[in-house]
Amino acid sequence: MAESESGADKSEEPTEKRLRESREKGQIARSRELNTLAIMLAGTGGLLAFGGSLGSALLSIMSGNFSLSREVIMDERSMVIWLLASGKVAVDAVLPLFLALLIASIVGPIALGGWLFSAKAMAPKMSRMNPLAGLKRMFSAKALVELLKALAKFILVLAVALAVLAADVDDLLAMAHEPLQMAILHAAQLVGWSALWMACGLALIAAVDVPFQLWDNKQKLMMTKQEVRDEYKDSEGKPEVKQRIRQLQREMAERRMMQAVPEADVVITNPTHFAVALKYDPSKGNAPVLLAKGGDFTALKIREIAQEHQVMLLESPALARAVFYSTDLDQEIPAGLYLAVAQVLAYVYQIRQYQAGKGKRPAPLPDLPIPPDLRRE
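Numbering of residues starts from 1 in every chain and runs along the sequence as written. Local features in a predicted model are, by the rule used here, given only for residues with pLDDT of at least 70; side-chain atom pairs are given and counted only at 80 or more, and totals for whole chains, interfaces and linings are based on all residues. Side-chain numbers here rest on the full set of heavy atoms in the structure, without hydrogens or water.

### Quick notes on the overall build of the protein
Right, on to step 1. Secondary structure assignment for the protein yields 14 helices and 4 strands.
Right, on to step 2. Across the 377 residues in the protein, those meeting the buried criterion constitute 30%.
Right, on to step 3. A separation of at least 24 residues holds for 73% of the contacts in the protein among residues at least 6 apart in sequence.
Right, on to step 4. Counting only carbon and sulfur atoms, one obtains 63% of the accessible surface of the protein, whose full area is about 24600 Å². Where helices and strands are cited, they refer to DSSP runs of H or I of at least four residues and of E of at least two residues respectively, numbered from the N terminus. The classification of residues rests on relative accessible area computed with a 1.4 Å probe and restricted to protein chains. Under 20% of the type maximum is buried, over 50% is exposed, and intermediate values are partly exposed. Contacts are assigned to residue pairs with any non-hydrogen atoms lying within 4.5 Å of each other. Shrake-Rupley sampling with a 1.4 Å probe provides the accessible areas, and residues are treated as covered by the protein chains on show and by no other component.

Structure below.
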């Protein structure tokens, strides 16, 4: 089990935030052996695929440049032309191989850990200039693992090379009796297959190194319980900060609610402990909507704003409590209160008609029908 510098056990899996920050710093699993294997396979595959054209190009350059006439040799301009022509032949011959190596050098590193460009990883670190830290890295467990890998790689490649040499010794000796052109093509083929077998030997090292690098990187990212708690506290915010945010949100919601009170058709009160402001707009919905509600001091503010803007106040304790507890802001009242609220809005309409001199004074409101499941005592 991994331990932190403070001695605490790193027993917790890394969080998403820890993984994201590690990628930003360039701390991801990488395997040098996998990169080497990819380049070796690309190089040997290129030699096997393009070895014939490389040999033919080499023969063309040698035969052309070793059979120049005296006039061409003494002519400086002709020498430049021959040099450029030889260079073009060489570039055309090695370009496919170079492209294969370029692709392998890109695919190899990103095969483990994915594509990543981190400016933080490229930034200079003064801690790396510390001689004591350098000595500590030299004699660390990771340095020992790298040394063992290098020795294993050397021994394995040497063993494969000796085996390939022993298997191809007859072909190597036979090349001495072959014509030059055939010998060059034969040599390119032997080099390609020999390098391929040595690359396959490196595959054993990469098969061990890749899981180790994944495990080692995960161990570095493991967290203690305290680190997880601290990260959660930082991401979620301190309790006093969250409380302050909630308080500001409540204040903003209350201000918006108070601004909507003047648009209400009626404010129903308890009469002192509760106040709810309702508005009915047939074009927007089928039922009245709760614009504002509050208790005690907030209820007092709602009543004051309603009086200031000449919104009718109506005392109905049971209905005020029922709407207050059953309906959220900007939501329609429940179906069980439709009849009671409809009687209230009709009464408000009759009062306004009476005040405008267009009708008789309405009779007081009767007991409003409120379902038992919506009543609050």
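### Considering the pattern of salt bridges
Pairing between side chains of opposite charge can happen when their charged atoms approach one another.
Right, on to step 1. When a carboxyl oxygen of Asp or Glu is within 4 Å of a side-chain nitrogen of Lys or Arg, the pair counts as a salt bridge. Taken as a whole, this structure holds 2 salt bridges when the rule is applied.
Right, on to step 2. Residue Asp 92 is joined to Lys 88 by a salt bridge in which the shortest nitrogen-to-oxygen separation is 3.0 Å. Of the two residues, Asp 92 and Lys 88 both sit in helix α4 (residues 76-110), 4 residues apart, roughly one turn of that helix.
Right, on to step 3. By relative accessible area, which is 44% here, Asp 92 ends up partly exposed.
Right, on to step 4. Note on Lys 88: relative accessible area 54%, which makes it exposed.
Right, on to step 5. Between Lys 220 and Asp 216 there is a salt bridge whose closest N-O contact spans 3.4 Å.

### Here we look at the confidence of the model for the protein
Right, on to step 1. What pLDDT reports is the predictor's confidence in each residue, on a scale of 0 through 100. Model confidence for the protein is summarised by a mean pLDDT of 78, while 88% of its residues fall at 70 or above.
Right, on to step 2. Per-element confidence in the protein is highest for strand β2 (residues 274-279), whose mean pLDDT is 88, and lowest for helix α5 (residues 119-122), whose mean pLDDT is 55.

### Brief notes about the UniProt feature "transmembrane region" (unreviewed entry) in the protein
Right, on to step 1. Here, the residues flagged by UniProt with the feature "transmembrane region" (unreviewed entry) are residues 37-62, 93-119, 147-167 and 187-212.
Right, on to step 2. The distance separating the terminal C-alpha atoms of residues 37-62 is 33 Å; by composition the span is 100% helix and 0% strand.
Right, on to step 3. Counted over residues 187-212, helix gives 100% and strand 0%. Its end C-alpha atoms are 38 Å apart. UniProt positions are given in the numbering used here, feature names are shortened, and annotations may be inferred rather than shown by experiment.

### Here we look at the nonpolar core
Right, on to step 1. In terms of nonpolar packing, the biggest core is built from 25 residues, with Val 266, Ile 268, Leu 278, Leu 319, Leu 337 and Val 344 touching the most fellow members.
Right, on to step 2. When contributions to this core are tallied by element, the ones reaching two or more residues are β1 (266-269), β2, β4 (312-315), α13 (317-326) and α14 (338-355).
Right, on to step 3. When neighbours within four sequence positions are excluded, Leu 319 is seen to be in contact with Ile 268, Leu 337, Ala 340, Val 341, Val 344, Leu 368 and Ile 370.
Right, on to step 4. Buried Ala, Val, Leu, Ile, Met, Phe, Trp, Tyr and Cys residues that are joined via side-chain atoms within 4.5 Å together make up what is termed a nonpolar core. Membership of the second largest hydrophobic core comes to 15 residues, among which are Met 257, Ala 260, Val 267 and Ala 292.

### Details of the side chain of Arg 321
Right, on to step 1. Within the secondary structure layout, Arg 321 lies in helix α13.
Right, on to step 2. Nitrogen and oxygen atoms within 3.5 Å of one another constitute a polar contact, given that in protein one can donate a hydrogen and the other can accept it, and given that sequence-neighbouring residues count only through two side-chain atoms. There is a polar contact of 3.1 Å between the side chain of Arg 321 and the side chain of Asn 270.
Right, on to step 3. For Arg 321, the contacting residues outside a window of four places in its chain are Asn 270, Phe 274, Arg 376 and Glu 377.

### Digging into a nonpolar patch on the surface
Right, on to step 1. Two distance rules govern patches: like charges are joined within 9 Å, and nonpolar side chains (Val, Leu, Ile, Met, Phe, Trp, Tyr) within 5 Å, applied only to residues with over 30% relative accessible area and no salt bridge. On the surface, Leu 144, Leu 147, Leu 148, Leu 151, Phe 154, Ile 155, Leu 158, Leu 162, Leu 165 and Leu 172 cluster together into a nonpolar patch covering about 980 Å² of accessible area.
Right, on to step 2. Considering each element in turn, the nonpolar patch owes the most residues, 9 residues, to helix α7 (residues 141-167).
Right, on to step 3. Looking at the element boundaries, Leu 147 is found in helix α7.

### Quick look at the side chain of Thr 327
Right, on to step 1. Checked against the element boundaries, Thr 327 lands in the loop between α13 and α14.
Right, on to step 2. We classify Thr 327 as buried; its relative accessible area is 2%.
Right, on to step 3. A distance of 3.3 Å separates the side chain of Thr 327 from the side chain of Ser 326, its partner in a polar contact.
Right, on to step 4. Aside from chain neighbours lying at most four places away, what touches Thr 327 is Leu 290, Lys 293, Glu 332, Ile 333 and Pro 334.

### Considerations on the packing of helix α2 (residues 32-65) against helix α9 (residues 180-221)
The geometry of a pair of packed helices is captured by two quantities: the angle between their axes and the separation between those axes.
Right, on to step 1. Axis definition: a line fitted to C-alpha atoms, limited for helices to the stretch in contact. Angles are taken between N-to-C directions and run from 0 to 180 degrees. Two numbers describe how α2 lies on α9: the axes approach to 8 Å, and their chain directions differ by 170 degrees. The angle between α2 and α9 places the two elements in the roughly antiparallel class.
Right, on to step 2. Among the residues making up the contact of α2 with α9, the classes are represented as 22 nonpolar, 9 polar and 3 charged. The cut-offs work like this: below 35 degrees is roughly parallel, past 145 is roughly antiparallel, 65 to 115 is roughly perpendicular, and the gaps in between are oblique. Under the grouping applied here, Gly and all other residues not named as nonpolar or charged are polar, the nonpolar ones being Ala, Val, Leu, Ile, Met, Phe, Trp, Tyr, Cys and Pro and the charged ones Asp, Glu, Lys and Arg.

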